[in-house]
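Understanding the architecture of this molecule
What follows is each chain in one-letter form.
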Amino acid sequence: MQLSALVDWIHRYKDEVVARKDELTDLDRQIGDADHGSNMARGMQAASDKIDAAVPATVGELGKSVGMTLVSTVGGASGPLYGTFFLRFGTAAGGVTELDAAGLSAALRSGVEGIVARGKAEPGDKTMLDALLPALDAIDDANAAGRPEVEALEAAATAAEAGSAATLDLVARKGRASYLGERSAGHLDPGSVSSAMLVRTLADAAKG
Ligand code: ADP
Ligand code: MG
Ligand code: MG
């Protein structure tokens, strides 16, 4: 995947979280503090503006710019978590202008490992990881089967959406929603929905 397509990913993700801001906030109203949509829209708008103003020359620079902007503009759990994702993604990718299938998979995995290291959540804790971890596995399965990048990312987006949908019945064990205990069941995790959008917009950007 070319740097230009990854830049397009950031713009597409910004457009998606801005368009679906109220939906994300409404989900967070059910089991959190009703700010996930505004957090993500503010952070991604700032990240998108930043890369327009100072165009990144490498994938590493792109990840660093987006990650640092999210950490500095989004209060709450999601800013540092998505910020860490992009910082680690950029560090793993390094000073390149293109990632092959293995490189993209490794950079995404490194980013998600950053979320795990920072938030200490496990699969099934009803967090963004319940969308992101199945997406990584889907990419690796597709790569192992020698399928083209667009198909691998399409499979990843579908897996992320299924993982997010499956948070409905889970009891939250991390983040604000965990304060509700059993009452968190019956609601989607807002961060898993924004993470499914992250993977879907990556798949869309890969198609061009
Ligand atoms: P806050 O909860 O601080 O208001 P947001 O509402 O923006 O922050 O983000 C909430 C989302 O963050 C949750 O829906 C969940 O997906 C994610 N989240 C919270 N804590 C963790 C964690 N420890 N690990 C992974 N994801 C988490
Ligand atoms: Mg919140
Ligand atoms: Mg908050």
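Residues numbered from 1 in each chain as written. Chains lettered and ligands numbered in written order. Predicted model: local features only at pLDDT ≥ 70, side-chain atom pairs only at ≥ 80, totals over all residues.

The name recorded for the chain in an unreviewed UniProt entry is Dihydroxyacetone kinase subunit L, from Galactobacter valiniphilus.

1. Quick word on the site of ligand 1
Applicable threshold: Throughout this description, a residue near a molecule or strand is one whose C-beta atom, derived from the backbone, lies within 6 Å of it. What counts as a helix is a DSSP run of H or I of at least four residues, what counts as a strand is a run of E of at least two, and both are numbered from the N terminus. Each residue is assigned to one of three groups, with Ala, Val, Leu, Ile, Met, Phe, Trp, Tyr, Cys and Pro labelled nonpolar, Asp, Glu, Lys and Arg labelled charged, and all others, Gly among them, labelled polar.
Around ligand 1, 24 residues are found, and the nearest of them are Gly 76, Ser 78, Gly 119, Gly 175 and Gly 191. Every element with two or more residues in the shell around ligand 1 is listed here: helix 3 (36–53), helix 5 (78–93), helix 6 (101–119) and helix 9 (190–207). In terms of residue count, helix 9 provides more of the shell around ligand 1 than any other element does, three residues in total. Grouping the constituent residues of the shell around ligand 1 by class yields seven nonpolar, ten polar and seven charged.

2. Overview of the UniProt feature "domain: DhaL" (unreviewed entry) in the chain
Counted only if it meets this: UniProt positions are given in the numbering used here, feature names are shortened, and annotations may be inferred rather than shown by experiment.
Within this numbering scheme, the UniProt entry marks residues 4–204 as carrying the feature "domain: DhaL" (unreviewed entry). Taken end to end, residues 4–204 is 71% helix and 0% strand, and its first and last C-alpha atoms sit 13 Å apart.

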